[in-house]
Amino acid sequence: MQIAIDVDLVRGLVEQSFPHLASEPVLRSLASGSSNSIYRLGRALAVRLPRQPGGGATIRKEARWLHQLAPQLPTRIPHVLGLGAPGLGYPEDWSITTWVEGHAPRGRLRGPQSVTTARDLARFIMALRDAPIPPEAISGPALHSYRGEPLQDFDTEFRDLVDECRSLELALDLDHSLHLWDDAVSAAARLPPMSTWYHGDLFAENLLLGGNAGLSAVLDFGGLAIGNPLVDLVVAWDLLDQDGLAAFRVALAIDDDEWAAARGWALFLSLMTFPYYRASMPGRCAARLALARFVLAHGVQDRT
């Protein structure tokens, strides 16, 4: 179920919760995603509104934790300036954040830009992993997600997804994906347990690049959680070329088992997109199809 959101609603919500900002112009942003609608508010601010019932929980999570994490990170992230209340028929909490300048990646990065961005991503991931975890965060249910659980727990779900995708005519080698998945599950079972902060939705669509080569900002911390952070490595296959992949691995000192397990996450998150979003978000499905094809094409030769 999608919540209806338009410019008039956003303008009314801002006037209701932040009357001192009511004179700022409101404009729908192309950055809106599957979970949240984004509207620009003047030149410097953004309004972030959940598109599904219950989505206010992630908005409250960002408001609770991003200001603590931001000083630990080498990359800009949005700053939550305030929480807006439900109203005018809109049922969820929403937020006003800073507007972060930059441009979204336009396809897979190549050459020096890919290598530079790979190293920037590695620095962000390591800093997020190293950020202290307060005791109250460890026990908070909002900071636990299936994406931080062991990959091998999803073996049945992955095989069911493969069967479902066979009927969708995706032009994917699904038999090869099963072979890579088996390798990923075996590798994940050999890894020691880990529990750190992780972004949870670290895809190209949640990154901004600067005017010069490299990473400018990381967006959308709705998937922020504590658990096994391997899922964040998926961004390498989503954004980087072969040289970037190699630089990313070196910068993070990723061994073969971690790499294989992360590749399994890339396949799992790609395949689950097609049955759910094939009608409502064709652009996202195209991006995940490109990701899955890249993973399958580089499933053997990228081992060290």
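Caption draft 1: Main features of the packing of aromatic side chains. Applying the stated criterion across every chain yields a total of 13 aromatic pairs. Plain terms: the ring middles of Trp265 and Phe268 are 5.9 Å apart, the flat faces sit at 45° to each other, and that makes the pair tilted. Residue Trp265 and its partner Phe268 are both found in helix 9 (residues 256-277); the two are separated by 3 residues, about one turn of the helix. When sorted by exposure, Trp265 lands in the same class as Phe268, which is buried.

Caption draft 2: Quick peek at the packing of helix 3 (residues 111-130) against helix 8 (residues 242-252). Where helix 3 contacts helix 8, the axes come no closer than 8 Å and their chain directions differ by 30°. By the criterion of interaxial angle, the relationship of helix 3 to helix 8 is roughly parallel. Relative to helix 8, helix 3 is oriented so that their crossing is right-handed. Seen from helix 3, the contacting residues are Ser114, Val115, Ala118, Arg119, Leu121, Ala122, Ile125 and Met126; seen from helix 8, they are Asp243, Gly244, Ala247, Phe248, Ala251 and Leu252. When its residues are assigned to classes, the contact of helix 3 with helix 8 shows 10 nonpolar, 2 polar and 2 charged.

Caption draft 3: How the structure looks around the pattern of salt bridges. Tallied over the entire structure, the rule returns 16 salt bridges. We note a salt bridge from Arg159 to Asp182, for which the minimum N-O separation is 2.5 Å. Here Arg159, found in helix 5 (residues 155-165), pairs with Asp182, found in helix 6 (residues 174-190); they are 23 residues apart in sequence, far enough to count as distant. By relative accessible area, Asp182 is classed as partly exposed at 34%. Among the ionic pairs, Arg190 bridges to Asp257, the shortest N-O distance being 2.7 Å. On the criterion of sequence distance, the pair formed by Arg190 in helix 6 and Asp257 in helix 9 is long-range, its members being 67 residues apart. In the salt-bridge network here, residues are joined through shared partners; they are Arg48, Glu62 and Asp220.

Caption draft 4: Looking closely at the sheet that holds strand 4 (residues 80-84). Taken in spatial order, the 5 strands line up as 1-2-3-5-4 in an open sheet, and their pairing is antiparallel. For this open sheet the edge positions go to strand 1 (26-28) and strand 4, each flanked by a neighbour on one side alone. With direction set aside, neighbouring strand axes in the sheet form an average angle of 25°. With 4 bridges joining them, strand 3 (residues 45-50) and strand 5 (residues 94-98) adopt antiparallel strand pairing. Of the residues in strand 5, the one forming a bridge with Leu45 is Thr98. The strands touched by helix 2 (residues 56-69) are strand 2 (36-41), strand 3, strand 4 and strand 5; relative to strand 4, the strand with the most contacts, the crossing angle is about 145°.

Caption draft 5: Layout of the side chain of Asp238. Relative to the helices and strands, Asp238 resides in helix 7 (residues 234-239). Although Asp238 is buried, it makes no salt bridge; Arg288 carries the closest opposite charge, 4.7 Å away. What Asp238 contacts, discounting residues up to four positions off in sequence, is Arg108, Phe203, Ala204, Ala287 and Leu291.

Caption draft 6: The arrangement of the environment of Arg108 in detail. In this fold, Arg108 is placed in the loop between strand 5 and helix 3. According to the relative accessible area criterion, Arg108 is buried, its value standing at 19%. Linking Arg108 and Asp241, residues 133 residues apart in sequence, is a C-alpha distance of 6.6 Å. Ignoring anything within four residues of it in the chain, the contact list for Arg108 reads Ala236, Trp237, Asp238, Leu239, Leu240, Asp241, Ala290 and Phe294. In this structure the side chain of Arg108 is engaged in a polar contact, spanning 2.6 Å, whose partner is the backbone oxygen of Trp237. Reaching out from Arg108, the side chain makes a polar contact with the backbone oxygen of Leu240 at a distance of 2.8 Å.

What counts and how
Residues numbered from 1 in each chain as written. Predicted model: local features only at pLDDT ≥ 70, side-chain atom pairs only at ≥ 80, totals over all residues. Heavy atoms only, no water. Phe/Tyr/Trp six-rings, centres within 6.5 Å; stacked < 30°, edge-to-face > 60°. Helix = DSSP H or I, 4+ residues; strand = E, 2+ residues; numbered from the N terminus. Buried < 20%, exposed > 50% of the residue type's maximum accessible area, 1.4 Å probe, protein only. Axes fitted to C-alpha atoms, helices over the stretch in contact; angles between N-to-C directions. Parallel < 35°, antiparallel > 145°, perpendicular 65-115°, else oblique. Left-handed = near helix turned anticlockwise from the far one by under 90°. Contact = heavy atoms within 4.5 Å. Nonpolar A, V, L, I, M, F, W, Y, C, P; charged D, E, K, R; others polar. Salt bridge = Lys/Arg side-chain N within 4 Å of Asp/Glu carboxyl O. Pairing = 2+ DSSP bridges. Lys, Arg positive; Asp, Glu negative; His and termini not counted. Polar contact = N/O pair within 3.5 Å; in protein donor to acceptor, adjacent residues only side chain to side chain.

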